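So you can see what is in the structure, the chains are spelled out below.
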Amino acid sequence: MNKPVAGFSKLSKEEKINWIAKEYFSTPSEAIALLKNYWNTDEKIQKLHDEFIENTITNFYIPLGVAPNFLINGKYSTIPMAIEESSVVAAASKSANYWSTRGGFKATVINTEKIGQVHFLYKGDLSKLQLFFAQNKAKFFSDTESITKNMQKRGGGILDIVLQDKTDLLPNYYQLHATFETKDSMGANFINSCLEQFAKTLKEESQHYALFSESEKEITVIMSILSNYVPNCTVRAEVSCPVNELAEKHILDPQDFAERFVQAVQIAEVEPFRAVTHNKGIMNGVDAVVLATGNDFRAVEAGIHAYAAKSGQYSSLSHATIENGIFTFWLEIPLALGTVGGLTTLHPLVKLSLEMLKNPSAKELMEVVAVAGLAQNFAALRSLTTTGIQDGHMKMHLNNILNQFGANEDERILIRKHFKHNTVSHSAVADYINNLRK
Ligand code: MEV
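As the structure is a prediction and not an experimental result, all values here were calculated from the model. (Residues numbered from 1 in each chain as written. Predicted model: local features only at pLDDT ≥ 70, side-chain atom pairs only at ≥ 80, totals over all residues. Heavy atoms only, no water.)

Q: Please explain the overall build of the protein as it appears in this structure.
A: A tally of helices and strands in the protein yields 15 helices and ten strands. Expressed as lengths along the three principal axes of its C-alpha atoms, the size of the protein is roughly 90 × 70 × 40 Å. With 438 residues in all, the protein has 45% of them scored as buried. Across the protein, contacts joining residues at least 24 apart in sequence account for 70% of those joining residues at least 6 apart. Per element, the accessible surface of the protein, about 22600 Å² overall, is 54% carbon and sulfur. A distance of 4 Å separates the average location of the 43 positive side-chain charges in the protein from that of its 47 negative side-chain charges. (Helix = DSSP H or I, 4+ residues; strand = E, 2+ residues; numbered from the N terminus. Buried < 20%, exposed > 50% of the residue type's maximum accessible area, 1.4 Å probe, protein only. Contact = heavy atoms within 4.5 Å. Areas by Shrake-Rupley, 256 points an atom, 1.4 Å probe, with all protein chains shown as cover. Lys, Arg positive; Asp, Glu negative; His and termini not counted. Charge placed at Lys NZ, Arg CZ, Asp CG, Glu CD.)

Here is the structure:
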């Protein structure tokens with residue numbers, strides 16, 4: 001049985017690695033060598049990565065790819081994507097090329113409001129709490145001035161604070177529900193700092209509020225935290241063209257294609273099992289750009305899936321219609337992103353990715369991310385409703401299989417040639433390699 005370790009975070013990196021290698025690996029020297037093999041040779045870069053989190057032992061690589069030729073609102077972009085799934089960047093590039101000759105992608109930010117809440121318990125008369133809040137609302141704003149000063153200079157700040165009675169959900173449960181504009185920053189630290197100050201003000205001011213009884217003064221703040229659900233921080237991305245212009249190599253009958261496509265989207269709108277996979281395809285594009293640009297993909301994921309379930313049933317994030325001979329395909333998603341603060345100037349590859357996108361504002365990045373999601377969804381549905389997904393997917397996955405079998409260059413050439421016209425599967429490739437090697 002493995003032994004627990006005391007004070008692990010205080011050990012040096014070398015000591016941590018040695019302990020792990022001895023404790024968990026049959027050949028510790030191999031584990032140590034592998035971990036060190038992934039260290040950056042530039043000590044400064046390695047130190048930077050070491051300090052992003054606690055207990056860093058090495059770096060975990062994910063490829064950074066690019067999808068060029070994205071025509072978005074009339075301008076071309078090359079989109080950086082950090083992702084491990086073989087077919088995602090290829091699919092994005094295909095969609096980009098396809099739509100670049102059909103008017104490109106249109107993207108619009110609808111709104112940019114962020115949300116944070118102070119959750120608290122109050123046992124008393126609601127009307128007194130409401131009066132207390134109304135009389136102290138300005139104080140909540142003034143007490144946070146030192147925090148909001150810089151954000152206000154950039155055109156952001158606290159938009160509003162409202163008292164919400166949540167006692168129908170839980171006894172004695174209330175909230176200060178605040179909305180924020182955080183401009184080009186994602187705003188998590190700003191929002192959380194404001195909220196923690198609201199909580200302090202709430203506690204302090206309630207202590208001297210003359211109308212409260214002694215027990216009413218005992219407000220209990222449970223927590224103060226931003227919400228990653230941002231239904232009023234949304235962006236729309238769209239493609240549209242006459243149905244007959246949809247034709248290409250795999251789309252011989254554009255009307256039939258458009259109808260099957262719309263049907264596929266409608267299935268995802270009404271059927272949660274399909275909706276989850278459909279939206280997963282959208283997230284292939286969204287997450288890859290979010291990660292490459294140093295944003296918090298867990299926050300984005302949580303918020304988007306909540307949005308997909310806003311009607312009470314989990315549903316498709318994208319929609320499609322054919323009206324008067326025009327095919328339109330669009331999505332609307334909430335995205336709280338930043339292009340300043342956080343990792344944006346810290347991680348060299350994030351900096352590079354943002355520069356590749358011409359150092360976008362947060363709004364412009366929202367547009368790019370939404371477009372990447374729509375492009376990915378288009379590519380998936382195009383394959384699913386025509387050739388099926390596996391053909392392209394497995395052709396892209398072939399490299400991974402070849403690597404698993406340690407195929408040499410000569411074998412690779414023969415195998416790629418063979419599987420150009422044959423169905424790729426793990427076992428078919430294994431059989432083919434085994435035959436070659438006989
Ligand atoms: C695979 O990563 C994503 C798809 O399953 C999405 C979809 O089914 O729409 C292909």
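Back to the text.
Q: Sorry, what's going on with the site of the ligand here?
A: Around the ligand, a shell composed of Glu-85, Arg-274, Thr-277, His-278, Lys-280, Gly-281, Asn-284, Ala-380, Leu-384 and Ile-389 is seen. Contact distances for the ligand include 2.9 Å between an oxygen atom and a side-chain N or O atom of Asn-284. Taking 300 Å² as the accessible area of the ligand by itself, protein coverage stands at 86%. Elements that contribute at least two residues to the shell around the ligand include exactly α9 (272–292) and α12 (362–384). Examining the composition of the shell around the ligand, we find that six residues originate from one element, α9, more than from any other. A per-class count over the shell around the ligand returns three nonpolar, four polar and three charged. (Near = heavy atom within 4 Å. Polar contact = N/O pair within 3.5 Å; in protein donor to acceptor, adjacent residues only side chain to side chain. Nonpolar A, V, L, I, M, F, W, Y, C, P; charged D, E, K, R; others polar.)

Q: What is the right way to look at the sheet that holds strand β6 (residues 173–181) in this model?
A: Note on sheets: strands pair through backbone hydrogen bonds, and any given pair is parallel or antiparallel. In spatial order, the strands read β5-β6-β4-β7; together these four strands make up an open sheet with antiparallel pairing. Both outer strands of the open sheet, β5 (157–165) and β7 (220–227), are each paired with one neighbouring strand and no more. This sheet shows a mean twist of 15° between the axes of neighbouring strands, independent of strand direction. Summarising the sheet, β5 and β6 pair through eight bridges and their orientation is antiparallel. Paired with Ile-161 across the strands is Ala-178, a residue of β6. The sheet contacts of helix α7 (residues 188–207) involve β4 (114–121), β5, β6 and β7, and relative to β7 the element is tilted by about 160°. (Pairing = 2+ DSSP bridges. Axes fitted to C-alpha atoms, helices over the stretch in contact; angles between N-to-C directions.)

Q: Explain the sheet that holds strand β3 (residues 106–109) to me, please; I cannot follow it from the model alone.
A: Taking strand neighbours across the sheet as the criterion, the four strands line up as β3-β8-β10-β9 in an open arrangement whose pairing is antiparallel. Two strands close off the open sheet at either side, each with one partner strand: β3 and β9 (318–323). Averaged over all pairs of adjacent strands, the angle between their axes in this sheet comes to 20°, without regard to strand direction.

Q: What's the story with the environment of Leu-129 in this structure? I'm lost.
A: Examined against the element boundaries, Leu-129 turns out to sit in helix α5 (residues 126–143). Owing to a relative accessible area of 1%, Leu-129 belongs among the buried residues under this scheme. Discounting chain neighbours no more than four positions away, the residues touching Leu-129 are Phe-120, Tyr-122, Leu-163, Tyr-174, Phe-212 and Ile-219.

Q: It is not clear to me how the domain arrangement of the protein should be interpreted in this structure. Could you clarify?
A: As a measure of interface size, the accessible area lost when the parts come together is often cited. Once the domains are mapped, the protein shows domain 1 (8–47), domain 2 (64–109 + 235–387), domain 3 (114–227) and domain 4 (392–437). With centres defined by C-alpha atoms, the gap from domain 1 to domain 4 works out at 34 Å. (Domains from an automatic or database assignment.)

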